[in-house]
Amino acid sequence: MTNWIPLGDASEISPGNRKSYTIRGTEIAVFHVADNEQPGEFYAIHDSCPHQGASLVDGDGCGTEVTCPLHDWTFDVATGACHDFPEFPLTRYEVKLEDGVLLLDASTIEEEEIPVNPFLVRYGAMGWVDHFEADEDATYAHRERVILKTSRGEEVGEILAAAGVQETSVSSAGTILREFTPADQETLARQEDVRARVFQDCQTLIQERGMPTEIIDCEQLFDQQTVVLYYLGSRMPALEILAQELNANYAWRIVFHPVDEAPAASGCSSGGCGCG
Ligand code: FES
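A quick note: this is a predicted structure, and the numbers were derived from the prediction, not measured.

## Some points on the pairing of strand β13 (residues 154–162)
So, step 1. Two elements, strand β10 (residues 118–123) and β13, share five bridges in a ladder whose sense is antiparallel. Note on β13: the bridge partner recorded for L120 is A161.
So, step 2. Where strand β12 (residues 145–149) meets β13, five bridges bridge the pair, whose relative direction is antiparallel. Note on β13: the bridge partner recorded for K149 is E154.
So, step 3. What sits between the antiparallel neighbours β12 and β13 is a turn of four residues, in which G153 has the positive phi angle 145°.

## Quick look at helix α2 (residues 237–249)
So, step 1. Given a rise of 1.5 Å per residue, 13 residues ought to cover 18 Å, and the 19 Å separating the end C-alpha atoms of α2 matches this to within 8%.
So, step 2. All buried positions along α2 are accounted for by L239, L242, A243 and L246. All buried residues of α2 lie within an arc of 105° about the axis, which places them on one face of the element. Exposed side chains of α2 directed beyond 90 degrees from the buried face belong to P237, I241, E245 and A248.

## Here we look at the sheet that holds strand β9 (residues 101–105)
So, step 1. Spatially, three strands are ordered β1-β9-β8 in an open sheet, and the strand pairing comes out antiparallel. The strands lining the two open edges of the sheet, one partner per strand, are β1 (4–9) and β8 (95–98). Looking at each pair of strands side by side, their axes are set apart by 30° on average, direction ignored.
So, step 2. Bridging between β1 and β9 involves five bridges; their strand directions are antiparallel. Bridge pairing in β9 links I5 to L104.

## So, the confidence of the model for the protein
Fine structural detail should not be taken from predicted coordinates in areas where pLDDT scores are low.
So, step 1. The share of residues in the protein with pLDDT of 70 or more is 91%, and the mean pLDDT across the chain is 88.
So, step 2. Put simply, α2 is where the protein has its lowest mean pLDDT, 88, and β12 is where it has its highest, 97.
So, step 3. Confidence drops under pLDDT 50 across residues 266–276; counting only partners more than four residues distant or on other chains, this segment forms 40 contacts.

## So, helix α1 (residues 182–209)
So, step 1. For α1, built from 28 residues, the straight-helix expectation of 40 Å at 1.5 Å per residue is met to within 8% by its first-to-last C-alpha distance of 41 Å.
So, step 2. Within α1, burial applies to V198, C202 and I206.
So, step 3. Its buried side turned inward, α1 meets β15 (214–220), β16 (226–232), α2 and β17 (253–258).
So, step 4. Positive backbone phi, approximately 65°, marks G210, located one or two places after α1.

## Topic: the pairing of β17
So, step 1. Relative to β17, β16 is paired through six bridges, and the arrangement is parallel. Bridge pairing in β17 links L229 to F256.

## A few points about the domain arrangement of the protein
So, step 1. In terms of domains, the protein is made up of domain 1 (4–105), domain 2 (118–180) and domain 3 (188–258).
So, step 2. Look at where the C-alpha atoms of domain 2 and domain 3 centre, and you get two points 26 Å apart.
So, step 3. Each side of the interface is counted separately: domain 2 has eight residues, and domain 3 has eight residues.
So, step 4. Among the elements that line the side of domain 2 that touches domain 3, the one with the most residues is β13, at three residues.

## Describing the environment of T74
So, step 1. Mapped onto the elements of the fold, T74 is located in strand β6 (residues 74–76).
So, step 2. Given 15 C-beta atoms within a 10 Å radius, T74 is considered partly exposed.
So, step 3. Each C-alpha atom, one on T74 and one on Y123, is 30 Å from the other, the two residues being 49 residues apart in sequence.

Quick notes on the rules
- Residues numbered from 1 in each chain as written.
- Predicted model: local features only at pLDDT ≥ 70, side-chain atom pairs only at ≥ 80, totals over all residues.
- Pairing = 2+ DSSP bridges.
- Helix = DSSP H or I, 4+ residues; strand = E, 2+ residues; numbered from the N terminus.
- Expected span 1.5 Å × (residues − 1).
- Buried ≥ 20, exposed ≤ 12 C-beta atoms within 10 Å, placed from the backbone.
- Arc of directions from axis to C-beta.
- Axes fitted to C-alpha atoms, helices over the stretch in contact; angles between N-to-C directions.
- pLDDT = per-residue confidence, 0-100.
- Contact = placed C-beta atoms within 7 Å.
- Domains from an automatic or database assignment.

Structure (structure tokens):
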């Protein structure tokens, strides 16, 4: 069932321009796509790049195309299609005009969820810091290790602090599953061989191929399903080919991740290179 809500006078967005709105805590960008400054069509999208959440309202582009200002993924705001990675389309919303007023169908926009019992946690070989929610009555001490569920899988984290009341409006990067145990430490120790082997094999292949890529670290996630190789250098097709070859040779999923990027906003753990 549709739920049309007014955004304002359509004339607030001149032909060729765009404007952002916040609806129930969700950022929405409305694009007015037009030729020759004549009134054209309005398109609304969730203003959060599916890669790492950058705002698209300031992205370059013409017609219905917009390019993310952060890592240059391009999208069609009319269809939501992502040209670079079709598996990561934009979320679109229906809009219409009534008596000069722009209306948006908000039926699919849910109220922003407030994380339950959030903690600030450091995780990943790059030491990212994010909020994670825990069971309502769970308590964790400063620097206590925990097992997390993130968009990449299960991994180990370190508690930095309980989030204060003023921070409860932040979004959660995942959940804290449980405390870290001595048995988990043994699992981690067994993973060291895998980590070292993949790191060495990958470095050798990169040198043999003369690729301008430097692998600077490697980690196997705690769930033992994914091995992440952190690299310096640009995303290039040769890296994608290498990832496919490594994936064919190993029992684990191999992913390349640029060192200067945080984990994907949701679901994409490829680090934007399309690998893995
Ligand atoms: S955040 Fe948009 S392409 Fe990376």
